[in-house]
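Architecture and fold: a report
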Amino acid sequence: MQTANSPDTAEMSAAGGRIQRSNSLAENVYEAIFAQLMALKIAPGSRITVDNLVKELDVSHTPIREALGRLEGEGLVLKTHLIGYRAAPQITRRRFDELYEMRLLLEPHAAAKAAAAMDEAKLNTLLAAAGVMSRREGKDDRLRYSNFARQDAIFHDKIMEFSENELIRQTLSHQHTHFHIFRLMYHSRVTEEALDEHEAILAAFGSADPDAAQEAMRVHIEHSRDRLLPAFD
Ligand SMILES: [Zn+2]
């Protein structure tokens, strides 16, 4: 089990004010590369050179390789023997259609089950997960967008957890759906409209109404699909 960061995690060195603790450095490097991938600053399918990232982020090879390994596990980076790393290619239209067909089959049903099993603790967990997304804080749009993608993944995953079918939850989670769909379009509309739809889902959970939860989730996924479809034009 991992322990929480101790208070001295952000302890600065006397010399340069650089964060010395390797775990937070690794985390910062990971976040920086993740944000670049989500905002398409590293284009889908393009090569990722460790040396370039070393220069750009002004860190050693070790945290870069660590971050790339983690991103590989999340499906955002591919590693090819003797060639190296590249950003995962953009999903194809066919895969996109398959993904949304699967989501529409599974997630509204799971949302209904989660609503039927809703209690105060679960509702608070979901409200907190959704609340993080609605905060418009942070000057860096790129970072905000990538955080939204991750929080949206957590929000949907929590609903799957509360629906108590671990197989459905894993099946969806292994697709890294949110990371792939959010890379289709870097646009504030993608995030702003989703917030209203999340509100409707939360309202249905708040009244523990399975039918309303199922409908609200269906609407959210259909609208998400329709928002992203122009990316293939
Ligand atoms: Zn969502």
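Residues numbered from 1 in each chain as written. Predicted model: local features only at pLDDT ≥ 70, side-chain atom pairs only at ≥ 80, totals over all residues. Heavy atoms only, no water.

With an unreviewed UniProt entry as reference, the chain is termed GntR family transcriptional regulator, source organism Mesorhizobium erdmanii.

Structural notes on the nonpolar core
Ile33, Leu68, Ile159 and Phe205 are the most contacted members of the largest nonpolar core, which has 61 residues in total. Looking at this core, the element that brings in the most residues is helix α4 (residues 93-116), giving 8 residues. In this structure Phe205 touches Ala111, Ala114, Ala115, Met118, Leu123, Leu126, Ile159 and Ala213, once residues within four positions along its chain are discounted. (Core = buried A, V, L, I, M, F, W, Y, C linked by side-chain atoms within 4.5 Å. Buried < 20%, exposed > 50% of the residue type's maximum accessible area, 1.4 Å probe, protein only. Helix = DSSP H or I, 4+ residues; strand = E, 2+ residues; numbered from the N terminus. Contact = heavy atoms within 4.5 Å.)

Here we look at the coordination of the zinc ion
A metal bound by six donors in octahedral fashion has ideal angles of 90 or 180 degrees, whereas one bound by four tetrahedral donors has an ideal angle of 109.5 degrees. Each protein donor to the zinc ion is listed here as Asp152 (OD), His156 (NE2), His198 (NE2) and His220 (NE2); together their distances run 2.1 to 2.3 Å. Given 4 donor atoms and angles of 86 to 168° at the metal, the environment of the zinc ion is assigned as irregular. In the primary sequence, the donor residues of the zinc ion line up as D-x3-H-x41-H-x21-H. Highlighted residues: His156 in helix α6 (residues 141-162) and His198 in helix α9 (residues 188-206), separated in sequence by 42 residues. Comparing His156 with His198 shows no difference in burial state: the two are buried. (Donors = N, O, S within 2.8 Å, 3.2 Å for Na, K, Ca; no water. Tetrahedral: all angles 85-135°; square planar, octahedral: opposite > 155°, others 65-115°.)

Section: helix α2 (residues 50-57)
Taken together, the buried positions of α2 are occupied by Val50, Leu53 and Val54. The buried residues of α2 occupy an angular sector of 105° when the element is viewed end-on, so they sit on one face. Backbone geometry just downstream of α2 places Asp58 in the positive-phi region, at approximately 55°. (Arc of directions from axis to C-beta.)

Examining the packing of aromatic side chains
Each aromatic ring pair is summarised here by two numbers: the centre-to-centre distance and the angle between the ring planes. Per the counting criterion, the structure on display carries 6 aromatic pairs. By the ring-pair criterion, three or more aromatic residues cluster together here, those being Tyr30, Phe34 and Phe179. Geometry around Tyr30 places Arg70 over its ring, the cationic atom sitting 3.6 Å from the centre. The residue whose ring lies beneath Arg150 is Phe34, and the NZ or CZ to ring-centre distance is 4.2 Å. (Phe/Tyr/Trp six-rings, centres within 6.5 Å; stacked < 30°, edge-to-face > 60°. Lys NZ or Arg CZ within 6 Å of the ring centre and 35° of its normal.)

A look at the pattern of salt bridges
Oppositely charged side chains are able to pair whenever their charged atoms sit close together. In this structure the tally under the stated criterion is 15 salt bridges. Note that Glu98 is salt-bridged to Arg94, the shortest N-O span being 3.0 Å. With Glu98 and Arg94 both in helix α4 and 4 residues apart, this pair spans about one turn of that helix. Overall, the relative accessible area of 33% leaves Glu98 in the partly exposed class. Close ionic contact of Glu197 with Arg227 constitutes a salt bridge, the shortest N to O distance being 2.7 Å. Of this pair, Glu197 sits in helix α9 while Arg227 sits in helix α10 (residues 210-228), and the two are 30 residues apart along the sequence. Side by side, Glu197 and Arg227 carry an identical accessibility label, which is buried. Here the salt bridges share partners, and the residues they tie into one network are Asp157, Lys158, Glu161, Glu166 and Arg169. (Salt bridge = Lys/Arg side-chain N within 4 Å of Asp/Glu carboxyl O.)

Remarks on the pairing of strand β2 (residues 77-80)
In the sheet, β2 pairs with strand β3 (residues 84-87) via 4 bridges, with the strands oriented antiparallel. Looking at the pairing, Thr80 lines up with Gly84 of β3. Where β2 hands over to β3, the hairpin turn is made up of 3 residues, of which Leu82 adopts a positive phi near 70°. (Pairing = 2+ DSSP bridges.)

Brief notes about the sheet that holds strand β1 (residues 47-48)
The antiparallel open sheet is built from 3 strands, whose spatial order is β1-β3-β2. In the strand order of this sheet, the two ends are held by β1 and β2, each with one partner. Here helix α3 (residues 61-73) sits on the sheet and contacts β1, β2 and β3; the angle it forms with β2, its principal contact strand, is near 105°. (Axes fitted to C-alpha atoms, helices over the stretch in contact; angles between N-to-C directions.)

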